[in-house]
Every structure is written in C-alpha cells, then in structure tokens.
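Results of the structural survey
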Amino acid sequence: MIIKLERDQMGAELAELTTLIESLPANDYLSRLGLESRRDEVQHKFMTLVDHEEYRAKVALYFGGEPVFGSKGVKADFGSKAVGSFQDLLSKVWVATEGGQLLPMGPIRDRSAAQLHITSLVHGSFGFLLEELDAQGEPMFKTALCKAADQTAEYIASFAGESEDSFSSVIEDLNPRVFQSLREFFGCIHKSNATFRLVEGTRDLKFDHLAVERAWSRAENSNIDEEQTQVRGKLLGVIPIGRRFEFQPDGGATFIEGKVGEQFSNTYLERISTQQFAGRRWNALFHKRMIAKTGRPLAEKFTLLELDEIGAE
C-alpha cells in the first residue's frame, strides 16, 4: 500500500472514531472503552507513518468515465492499454533520469529494470496499484525507479495543469521519446473519454475531463525535434558556474547561446574562461532542439558538445 493512502485511510478512521466517541451516552462505559482503545491503536499506527517516505516506486492509478463500471470493473482493452502506456512512459523517463542515452528509436536498454508490477486493485473508483518489487529488501534511499516515478508524475501534472508557463518550462528540456509517450498516454485517456487519478509519493492528483482535454490538446499541438549541427564561428564567452555559452556564427547577425554539455568538465570550463578561448574561431558541434507549439514561434535550444579550433586561414 502507498504510505499516503494508508495515512488518508487512518485519518478518516480516526475522524469517524472521534465522532462515535463524542456521540456516546455518558454511562456507556464499555462502548467508550472499546472505541477509545481502537482510536489509540489507529493513532499510534498513524504517527509511525508520519515521517515515512517511499523508497521504492509505487503508483496508484484510478480511472473514471466511460470505460469504468462504478467501482466494479474497467473495460479490459482500456485498462491494459492505459497501464501499458504509463509503463512505457515510466521506462523512458527512467532511462533519461539515469543519465543514459535514450536513442531516437529502437529498444530501451535494461527495460526490465524499470518494470512495475500490478500488486492489487484499488477502489474508490476502479484502479490498479503498481509497485517496484525487489527480493533484496528495503533500500535505505530512493531507488532510481522511484525517482523516475516522481518525475513522471511531475510531467503528467505539468501537461494537464492550468499553468501554461509550467508546461512550456517542462517541454523545453523534454526528451522527444518521453514526449511521444506522454502524447500516447493522454491520447489513450482522451480517446476513451476517461478521467483518472494518480497517487505517487506525497502527490494525489485528480484529472477530470477538462484536464485530460487540456493535456491531450497540448501534446497534439506541440512537437519536439532534435539534431546535431556543426557551426563555424567565434566563441564570445563561457560562464563556468552557470555552464552557459555565447557563440557568434560566421556571417551570422544573431549569436547562439545555450548550455554547455556535461562532457565538458568544470576544470575545462575554467580554462576556457581564463585562457582566452573566447574571441578565437572554432568549429563547434551543437545539439539543437526545436520546440514547435501551435500559435507560437519555433523555439530553438542549443547545447555545446565539442569545440575544435580553426587554424589560421
């Protein structure tokens, strides 16, 4: 069980027990004794969970709308597709957050390591509890998959939330394959006229038809492309602390600015800023991201990957 759901259930039971105790006649000693004993037991369990954190990935997905029959069942084709698309999204986020290379196409490396298991059904609406299982016991810190589940929930909330700025901020750095999986997940929910609720970590997120429509529309009307490009020009400057650069292409009126890639060590960046790399001409290799959103100008983001000095010509 997810700790947050346990705490919520215990909190509801405590409130109910308190109400029952207060409604008892003053002379009903036996009932009061039994209810107070149960209240103290639940309160003790509740307090032991207050400071607990999830160290393994646990996600509860509840569904509502047309594919769901009350709290009794969900259409099999929808349920399997929705859970499958969420698992696919989580697997890709796991590779990206682990610093691995999520290639533009092809199989995901070590996909089995990012696998959740359906461990039980959850009710309220109808849903599934998905958990990371490991025979090695409880970890002392959050697992990589737990961190990926946190990030996945954040992406979903940003796509479906009311804030356009939050969505724009997320999409700027989103891996194209993660973006495609988000599009497929929301497409599955939207096409089936469904709603959903996601409980993960301390989050309890509810997405009604309006939120699903918003997320699907954003995903459908946006696109992310990536490419590597070489540009000749002059390095204007590098800020080592912020890992930022400015570059003037040959014959170009506008300069390129962006982030410095992780392969450049901090020591190397210090050298760039102190040994007059700036002002000299280089053949630079950039990773270029193009983010298109309907009704907005094309946004381009650059990451500096390599510098190869151009000799005197």
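Presented here is a report on the structure given in the accompanying data block. (Residues numbered from 1 in each chain as written. Predicted model: local features only at pLDDT ≥ 70, side-chain atom pairs only at ≥ 80, totals over all residues. Heavy atoms only, no water.)

Attention shifts here to the packing of aromatic side chains. One pass over the full model with this rule turns up 14 aromatic pairs. Measuring from ring centre to ring centre gives 5.2 Å for Phe63 and Phe78, while their planes differ by 85 degrees; the resulting arrangement is edge-to-face. With Phe63 in strand S1 (residues 58–65) and Phe78 in helix H3 (residues 76–97), this residue pair connects regions lying 15 residues apart in the sequence. Look at Phe63 and you get buried, because its relative accessible area is 1%. For Phe78, a relative accessible area of 4% puts it in the buried group. With centroids separated by 5.5 Å and ring planes inclined at 25 degrees, the aromatic side chains of Phe245 and Phe286 adopt a geometry described as stacked. Of this pair, Phe245 sits in strand S9 (residues 244–249) while Phe286 sits in strand S11 (residues 281–293), and the two are 41 residues apart along the sequence. Taking relative accessible area as the criterion, Phe245 reaches 2% and is therefore assigned buried. Each residue in the set Phe86, Phe159, Phe167, Phe179, Phe185, Phe186, Phe196 and Phe207 is aromatic and connected to the rest through ring pairs, giving one cluster. It is Arg197 that lies over the ring of Tyr62; its NZ or CZ is 4.5 Å from the centre. (Phe/Tyr/Trp six-rings, centres within 6.5 Å; stacked < 30°, edge-to-face > 60°. Helix = DSSP H or I, 4+ residues; strand = E, 2+ residues; numbered from the N terminus. Buried < 20%, exposed > 50% of the residue type's maximum accessible area, 1.4 Å probe, protein only. Lys NZ or Arg CZ within 6 Å of the ring centre and 35° of its normal.)

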